[in-house]
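Take a look at the letters that make up each chain.
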Amino acid sequence: METLLQDLRYALRLLRRSPGFAAAAILTLALGMGANTVMFSVLDTVLLRPLPYPQPDRLVQVWETDSRLNFNRGPVSPYHFLEWRKASQTFAHIATYDFNSMVLTGQKTPRRLGALFVTAEFFDVLGVSPLKGRTFLPGEDEPDKSHVAVLSYGAWLRYFGGDPKIVGQAMTLDDQVYSVIGVMPADFAFPGTGTEVWCLPGFDRTAVNRLRSNFLFAIGRMKPGAHQDQVQAEMNAIAGALNQQNGSTSGVRLVGLLEETVGNVRRSLLVLWAGVIAVLLIACANVAGLLLARAVSRQKEIAVRSALGGSRARLIRQFLTESVLLAIMGGVLGVGIALAAGRFVIASSNGAVPRLHNLHLDGWVLGFSALACLITGLMFGLAPGLHALRMDLETSLKGGGWISSRPSERLRLRNLFVVLEVSLAMVLLICGGLLTKALWRLQRVDAGFQAEDVLSFRFSVPRGKLDARQKADLYQRIAERLAALPGVESAGATNDLPFAGSRTSKSFDVEGRPPDPAMALYSDYRIVSPDYLHTMRVRLLEGREFTLHDDQQGALVAVINQAFAKKFFPGEEPIGHRLKSNDKLYEIVGVVANVKHENLAAPGDPELYVPYLQAEPANWAFFVVRSHTEATALAASVRNAVKEIAPGEPVNRINTMSDLVSFWMSPHKFTSLLLSIFAGLALALASIGIYGVIAYSVAQRTHEIGIRMALGADKAAVLRLILRQSARIAVLGLASGTGAALLATRALSSLLFGVRADDPAIFLGVAASLLVVILAASYLPARKATRVDPLIALRYE
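Conventions adopted
Residues numbered from 1 in each chain as written. Predicted model: local features only at pLDDT ≥ 70, side-chain atom pairs only at ≥ 80, totals over all residues. Heavy atoms only, no water. Helix = DSSP H or I, 4+ residues; strand = E, 2+ residues; numbered from the N terminus. Buried < 20%, exposed > 50% of the residue type's maximum accessible area, 1.4 Å probe, protein only. Contact = heavy atoms within 4.5 Å. Areas by Shrake-Rupley, 256 points an atom, 1.4 Å probe, with all protein chains shown as cover. Axes fitted to C-alpha atoms, helices over the stretch in contact; angles between N-to-C directions. Parallel < 35°, antiparallel > 145°, perpendicular 65-115°, else oblique. Left-handed = near helix turned anticlockwise from the far one by under 90°. Polar contact = N/O pair within 3.5 Å; in protein donor to acceptor, adjacent residues only side chain to side chain. Phe/Tyr/Trp six-rings, centres within 6.5 Å; stacked < 30°, edge-to-face > 60°. Lys NZ or Arg CZ within 6 Å of the ring centre and 35° of its normal. Pairing = 2+ DSSP bridges. Core = buried A, V, L, I, M, F, W, Y, C linked by side-chain atoms within 4.5 Å. Arc of directions from axis to C-beta. Nonpolar A, V, L, I, M, F, W, Y, C, P; charged D, E, K, R; others polar. Patch = residues over 30% accessible without salt bridge, like charges linked within 9 Å, V, L, I, M, F, W, Y side chains within 5 Å. Salt bridge = Lys/Arg side-chain N within 4 Å of Asp/Glu carboxyl O. Expected span 1.5 Å × (residues − 1).

A. Region of the structure containing the overall build of the protein chain. For the protein chain, the helix and strand inventory stands at 24 helices and 22 strands. Expressed as a percentage of the 797 residues in the protein chain, the buried residues total 51%. Considering only contacts within the protein chain whose residues lie at least 6 apart along the sequence, 82% involve residues at least 24 apart. When the accessible surface of the protein chain is split by element, carbon and sulfur atoms take 58% of a total near 35,300 Å².

Shown next, in the form of structure tokens:
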């Protein structure tokens with residue numbers, strides 16, 4: 001321990017004597033360590049940290065599949081859920097939930113709450129106990145039971161002032177009286193932070209039949225000792241028995257709840273993690289080069305210590321102590337950088353990365369940072385330390401040393417470090433360039449509608465309050481009132497809005513065609529107002545759009561999109577054909593362009609539009625308002641207009657359509673932005689490394705340069721001599737970087753839209769840019785070499 005303390009004190013004295021070297025090394029390491037610390041914190045928060053429930057590895061999301069309808073991950077029908085729950089022996093608990101919103105009345109101002117309709121075992125599946133009161137009891141979701149509800153912690157504070165006597169109180173939601181039976185803890189927010197109340201019953205069991213009606217989400221907790229493969233096999237057997245019984249083709253797919261939550265961002269985060277590791281390696285190579293150059297000034301010190309009996313191991317330990325000390329200082333500063341960068345990372349994700357709002361530097365992350373400091377300190381300190389001991393002891397004591405005996409060996413090692421930096425920087429720049437180009441192409445995809453200057457919001461009415469005709473009339477009156485607002489061009493309504501998280505599908509048959517038992521005809525289903533397609537600027541390709549005459553007194557009509565026509569009427573004229581659905585016949589009167597509903601990168605899906613004056617509207621509608629000016633300026637007017645028509649039904653989820661599309665693109669922007677930042681940091685560090693090695697080379701070759709100039713070499717020849725060395729480094733770095741990038745970009749293939757992983761334009765552009773940067777970083781020391789005075793250089797030793 002005493003020896004270690006001596007080494008530390010000596011290392012601190014050396015750093016105080018060389019503040020420039022210390023500052024450069026510590027800052028370089030801080031940037032690399034800070035990026036790694038914040039990125040590891042992101043990985044820990046999103047991917048590694050278990051879900052905040054007891055035994056979270058036993059939780060699964062349960063999806064329904066159907067080979068006949070050609071989907072492998074869809075909502076669950078109430079009928080199938082009840083049959084699964086009855087027959088399963090491997091689930092301890094299984095429950096469903098259904099997203100909704102409800103209006104809380106009885107207070108000064110009506111409030112719209114984010115609600116979840118669940119079945120009784122919902123909280124048993126998650127294994128979470130309430131902060132106050134209780135959760136649902138088995139059988140409490142049976143028909144004719146009283147309505148009960150559980151509040152979120154935030155809703156309890158916001159709407160009831162944290163009343164300690166809230167349990168047992170009544171509250172009115174959608175004109176129904178519910179009894180508050182419990183309040184959940186502050187950190188519970190399944191399935192998201194927008195959920196404010198959980199209600200029973202989850203669905204009306206008296207209306208459940210074997211007809212396909214899939215709208216529920218299901219989660220389950222597997223019994224102790226049951227593995228997911230075992231549960232999947234059991235559910236497959238149950239689904240098979242139901243198919244034989246009912247002549248259906250449905251199935252079941254289980255996905256771990258953690259994988260379900262974070263699976264969409266896993267690859268992106270791992271790519272970013274690889275990027276910051278590359279940045280740290282570049283930082284280590286830079287500092288190793290600095291230590292190697294610094295060893296020149298310490299050759300006599302090393303020779304004297306060796307002559308006085310200092311063992312090789314003792315000297316290496318001194319070098320490693322110094323490098324680890326630098327790494328610790330850089331790591332401490334890096335943690336400070338990570339704290340500031342963490343807030344930037346959360347903001348740049350725009351809420352699109354799940355669980356990222358819980359990002360913080362805990363003991364586990366700080367422990368990783370400490371371990372990384374130790375490893376990096378050993379990594380960049382060992383090679384220069386070993387190399388520094390390979391010197392001629394006698395020559396060093398006489399005043400020569402490595403400078404005169406083996407200068408090229410050290411230069412080759414520094415060149416190797418710089419080649420590594422250039423190679424890694426090239427990989428990061430190519431990956432960042434590919435993602436940026438993919439994002440650029442994604443932003444220019446034709447979504448099938450014009451999002452600019454459109455304001456949207458969600459409106460709903462209590463279930464059972466209005467019949468189909470009343471809902472259609474109400475929605476139409478709201479749309480007409482919105483269209484009459486100053487500054488509004490037009491307004492419309494739909495059951496499912498693009499990029500708003502709502503999607504409905506429907507099966508149908510084509511009149512005159514026999515049904516195909518192997519494949520059902522199935523498409524997205526949109527119930528729209530007469531002006532919806534016009535408001536969204538969905539292009540009409542054939543036929544006509546809807547009008548106010550397409551009501552219950554007129555003939556039933558429908559509009560389809562291009563994908564629908566191509567899939568179900570290949571080589572035919574679709575207009576005039578009739579579609580049968582739920583015993584209704586709709587005549588196709590128009591064809592419109594494909595609309596991207598929830599993924600700009602996906603091809604257009606078949607869509608069937610029907611006028612809501614002829615259909616059964618849902619209890620909710622998304623309204624869109626096209627403005628002549630800035631859409632957000634209409635928010636207050638829109639709220640007031642809706643209040644005039646439906647005073648007790650507040651609107652919610654007011655957004656511009658541009659914001660909705662932008663939110664969907666947030667994960668792509670997040671990955672591209674962070675990787676571009678890491679690439680820029682790598683380029684800056686590599687440029688510093690290039691400058692350092694060329695400057696060191698010039699210092700080592702001063703005597704040689706003086707001789708050349710004394711023999712008649714002009715400044716241009718000296719400049720070419722130095723830049724030629726830079727060019728060799730550049731060629732080696734670019735060649736190795738190209739090979740590494742061809743391998744690395746394979747991991748990006750699923751993240752690239754419309755861009756090849758080996759895109760020649762990106763590869764050539766990055767190579768040319770890096771070559772310019774390398775030559776620019778080499779020019780200053782090369783220029784300095786041309787100013788060498790031959791008389792002074794010839795006396796240089």
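B. Molecular detail of the packing of helix 3 (residues 78-87) against helix 6 (residues 228-246). Running from N to C, helix 3 and helix 6 point in directions that differ by 125°, and their axes come no closer than 10 Å. Overall, the two elements helix 3 and helix 6 adopt an arrangement that is oblique. In the packing of helix 3 onto helix 6, the handedness of the crossing is right-handed. Residues Tyr-79, His-80, Glu-83, Trp-84 and Ala-87 of helix 3 form the contact with helix 6, whose participating residues are Glu-234, Met-235, Ile-238, Leu-242, Gln-245 and Asn-246.

C. Region of the structure containing the side chain of Arg-626. Residue position: Arg-626 is located in strand 21 (residues 620-627). Within polar-contact distance, the side chain of Arg-626 engages the backbone oxygen of Thr-535 at 2.7 Å. Setting aside anything within four residues of it in sequence, one finds Arg-626 in contact with Gln-450, Glu-452, Asp-453, Val-454, Gly-487, Val-488, Glu-489, Ser-490, Thr-535, Met-536 and Arg-537.

D. Spatial organisation of the packing of aromatic side chains. Counted by the stated rule, this structure contains 30 aromatic pairs. With 5.3 Å between their ring centres and 15° between their planes, Phe-457 and Phe-623 make a pair best called stacked. Here Phe-457, found in strand 12 (residues 454-460), pairs with Phe-623, found in strand 21; they are 166 residues apart in sequence, far enough to count as distant. Of the residues examined, Phe-623 reaches a relative accessible area of 0% and is grouped as buried. One aromatic cluster is present, formed by Tyr-53, Trp-63, Tyr-97, Phe-99, Phe-122, Phe-123, Phe-136, Phe-188, Phe-190, Trp-198 and Phe-217 through successive ring pairs. Note that Lys-506 overlies the ring of Tyr-525, its terminal NZ or CZ placed 4.8 Å from the centroid.

E. Examining the pairing of strand 12 more closely. Burial runs high along strand 12: 7 of the 7 residues are buried. Burial along strand 12 is two-sided: Val-454, Ser-456, Arg-458 and Ser-460 and Leu-455, Phe-457 and Phe-459, pointing in opposite directions, are all buried. Both strand 12 and strand 21 contribute to a ladder of 7 bridges, which runs antiparallel. Opposite Arg-458, over in strand 21, you have Phe-622 as the bridge partner. The pairing of strand 12 with strand 22 (residues 652-656) spans 3 bridges and is classified as antiparallel.

F. Main features of the nonpolar core. In this structure, Val-46 and Leu-269 are the most contacted members of the largest nonpolar core, which totals 72 residues. When contributions to this core are tallied by element, the ones reaching two or more residues are helix 2 (19-48), helix 8 (266-294), helix 10 (312-349), helix 14 (407-443), helix 20 (666-700), helix 21 (702-710), helix 22 (715-744) and helix 23 (760-785). Aside from chain neighbours lying at most four places away, what touches Leu-269 is Met-39, Val-42, Leu-43, Val-46, Leu-47 and Phe-670. Val-488, Ala-491, Leu-521 and Ala-646 belong to the second largest nonpolar core, which has 44 residues in total.

G. Representation of helix 19 (residues 657-664) within the structure. Buried within helix 19 are the following residues: Met-657, Leu-660, Val-661 and Trp-664. One side of helix 19 carries all its buried residues, which in axial view fall inside an arc of 95°.

H. Geometry of the packing of helix 15 (residues 468-483) against helix 18 (residues 635-645). The interhelical angle for the contact between helix 15 and helix 18, taken along N-to-C directions, is 140°, at an axis separation of 9 Å. Taken together, the axis directions place helix 15 and helix 18 in an arrangement best described as oblique. The hand of the helix 15/helix 18 crossing is right-handed. Along the contact surface, helix 15 presents Leu-474, Arg-477, Ile-478, Arg-481 and Leu-482, while helix 18 presents Val-638, Ala-641, Val-642, Glu-644 and Ile-645. A breakdown of the residues in the contact of helix 15 with helix 18 according to their chemical character gives 7 nonpolar, no polar and 3 charged.

I. Spatial organisation of a nonpolar patch on the surface. A grouping of Leu-371, Leu-374, Ile-375 and Leu-378 is seen on the molecular surface, where their side chains present a nonpolar patch of about 350 Å² in accessible area. As for its position among the elements, Leu-374 is in helix 11 (residues 363-388).

J. Quick peek at the pattern of salt bridges. Summed over the entire model, instances satisfying the criterion amount to 23 salt bridges. Close ionic contact of Arg-49 with Asp-44 constitutes a salt bridge, the shortest N to O distance being 3.0 Å. The residue Asp-524 makes a salt bridge to Arg-503 at a minimum N-O spacing of 2.7 Å. Separated by 21 residues along the polypeptide, Asp-524 in strand 15 (residues 521-528) and Arg-503 in the loop between strand 13 (488-494) and strand 14 (505-510) bring together distant segments of the chain. A relative accessible area of 7% places Asp-524 in the buried class.

K. Here's a closer look at the pairing of strand 18 (residues 578-581). By the alternation rule, side chains of strand 18 split into Leu-579 and Ser-581, which are all buried, and Arg-578 and Lys-580, of which none is buried. Inspection of the sheet shows strand 14 paired to strand 18 by 2 bridges, in the antiparallel sense. Counterpart to Asp-509 in the pairing with strand 18 is Lys-580. What sits between strand 18 and strand 19 (residues 584-592) in their antiparallel hairpin is a turn of 2 residues, with Asn-582 showing a positive phi close to 50°.

L. Expanded view of the side chain of Thr-656. As for its placement among the helices and strands, Thr-656 is situated in strand 22. For Thr-656, the side chain forms a polar contact with the side chain of Asp-659, separated by 3.0 Å. If near-sequence neighbours (up to four positions away) are discounted, Thr-656 is found in contact with Val-454, Leu-455, Ala-631 and Thr-632.

M. Molecular detail of helix 22. An ideal rise of 1.5 Å per residue puts 44 Å on 30 residues; helix 22 measures up with 42 Å between its terminal C-alpha atoms. All buried positions along helix 22 are accounted for by Val-718, Leu-719, Leu-721, Ile-722, Gln-725, Ser-726, Ile-729, Ala-730, Gly-733, Leu-734, Gly-737 and Ala-741.

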